[in-house]
Amino acid sequence: MADFNASVIICEPIEEVFAYFADMANAPEYMNKVESIEKKTDEPIGVGTKYKEIRNVRGNKVYAEIEYLSYEKNVRFTRRSSSNGLTIDYAYRFSEIPEGTQVEFEGTVHVKGLKMRLMRNFLVKMVKSEDSDHVQNAKEVLEGVAESL
């Protein structure tokens, strides 16, 4: 069961929206805490593709490994972020609709170890506050809303 989710309609073609979300190099544009992304594998984006992510979390640099667990072009993908016993699955679904593209997102937090389990509710709240608005931010970037303000 997802710990947080979001849904947005982006008035752009599904191929463009999917490609934008699937390429982690774009994450710093719409995920506020992400400072940098480095692709660690050479093949095209798909199952097994890995990235190294650096975030600024409360003034600290946090490193995570991102791996694609599933990938169906222009339909869905799931990527997993792992860092210091905290694992988060980011699942995205894309649907073509008359207005453009419907993007549905679910985030699921997994923890390991007693200490992390005891902190799980706090961690979910923290991750939700950092990432719950990223699909809306991506909509603004893709539709050019941020540029027109």
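In this text, all values refer to a predicted model and were calculated from it rather than measured experimentally.

Enquirer: Would you mind going over the overall build of the chain with me for this structure?
Expert: Looking only at helices and strands, the chain has six helices and seven strands in total. Relative to its length of 149 residues, the chain is compact, with a C-alpha radius of gyration of 15 Å against a globular reference of 15 Å. Expressed as lengths along the three principal axes of its C-alpha atoms, the size of the chain is roughly 50 × 35 × 30 Å. Considering the chain as a whole, with its 149 residues, one finds that 43% of them fall into the buried category. Within the chain, contacts between residues at least 6 apart in sequence are counted, and of these 47% link residues at least 24 apart. Counting only carbon and sulfur atoms, one obtains 49% of the accessible surface of the chain, whose full area is about 8200 Å². Separation of charge centres in the chain, based on 20 positive and 25 negative side chains, amounts to 11 Å.

Enquirer: I would appreciate a short explanation of helix 4 (residues 120-131) in the present structure.
Expert: An α-helix turns once per 3.6 residues; consequently, residues spaced three or four apart project the same way. Helix length check: helix 4 (12 residues) gives 16 Å between terminal C-alpha atoms against 16 Å at 1.5 Å per residue, within 8%. Among the residues of helix 4, Leu123, Val124, Met126, Val127, Glu130 and Asp131 are the ones counted as buried. When helix 4 is viewed along its axis, its buried side chains cluster within an angular range of 165° and face the same direction. Along helix 4, the residues that are exposed and aim more than 90 degrees away from the buried face are Asn121, Lys125 and Ser129. Where helix 4 is buried, its residues touch strand 1 (4-10), strand 3 (50-57), strand 6 (86-97), strand 7 (100-111), helix 3 (114-118) and helix 5 (134-143).

Enquirer: Sorry if this is basic, but what is going on with the sheet that holds strand 6 here?
Expert: Pairing between the strands of a sheet comes from backbone hydrogen bonds, and it takes one of two forms, parallel or antiparallel. Spatial strand order, 1-7-6-5-4-3-2: seven strands in an open sheet with antiparallel pairing. Both edges of this open sheet fall to strand 1 and strand 2 (34-39), since each of them pairs with a single strand only. When strand polarity is set aside, the average angle formed by the axes of neighbouring strands in this sheet is 20°. Pairing of strand 6 with strand 7, which is carried by 12 bridges, proceeds in the antiparallel orientation. Opposite Ile97, over in strand 7, you have Gly100 as the bridge partner. Its contacts with the sheet put helix 1 (residues 14-22) on strand 1, strand 4 (60-72), strand 5 (76-83), strand 6 and strand 7, and the angle it makes with strand 6 is roughly 170°. Relative to strand 6, helix 4 is tilted by about 40°, and along the sheet it contacts strand 1, strand 3, strand 6 and strand 7.

Enquirer: Explain the environment of His110 to me, please; I cannot follow it from the model alone.
Expert: Along the chain, the position of His110 falls in strand 7. Judged by relative accessible area, His110 falls into the partly exposed class, the value being 33%. The spatial distance from the C-alpha of His110 to the C-alpha of Lys125 is 13 Å, given a sequence separation of 15 residues. Filtering out sequence-adjacent residues up to four positions away, His110 remains in contact with Gly85, Leu86, Thr87 and Asp89. At 3.1 Å, the side chain of His110 and the side chain of Asp89 are in polar contact.

Enquirer: I would appreciate a short explanation of the pairing of strand 3 in the present structure.
Expert: Successive side chains on a regular strand alternate, one facing one side of the sheet and the next facing the other. Across five bridges, strand 2 lies against strand 3 in antiparallel orientation. By the bridge assignment for strand 3, Glu38 is matched with Lys52. Pairing geometry for strand 3 and strand 4, over eight bridges, is antiparallel. Counterpart to Tyr51 in the pairing with strand 4 is Ile66. Between strand 3 and strand 4, which pair antiparallel one after the other, the connecting turn spans two residues, and Arg58 there sits at a positive phi close to 55°.

Reading the values: the criteria
Residues numbered from 1 in each chain as written. Predicted model: local features only at pLDDT ≥ 70, side-chain atom pairs only at ≥ 80, totals over all residues. Heavy atoms only, no water. Helix = DSSP H or I, 4+ residues; strand = E, 2+ residues; numbered from the N terminus. Rg over C-alpha atoms; globule rule 2.2 N^0.38 Å. Buried < 20%, exposed > 50% of the residue type's maximum accessible area, 1.4 Å probe, protein only. Contact = heavy atoms within 4.5 Å. Areas by Shrake-Rupley, 256 points an atom, 1.4 Å probe, with all protein chains shown as cover. Lys, Arg positive; Asp, Glu negative; His and termini not counted. Charge placed at Lys NZ, Arg CZ, Asp CG, Glu CD. Expected span 1.5 Å × (residues − 1). Arc of directions from axis to C-beta. Pairing = 2+ DSSP bridges. Axes fitted to C-alpha atoms, helices over the stretch in contact; angles between N-to-C directions. Polar contact = N/O pair within 3.5 Å; in protein donor to acceptor, adjacent residues only side chain to side chain.

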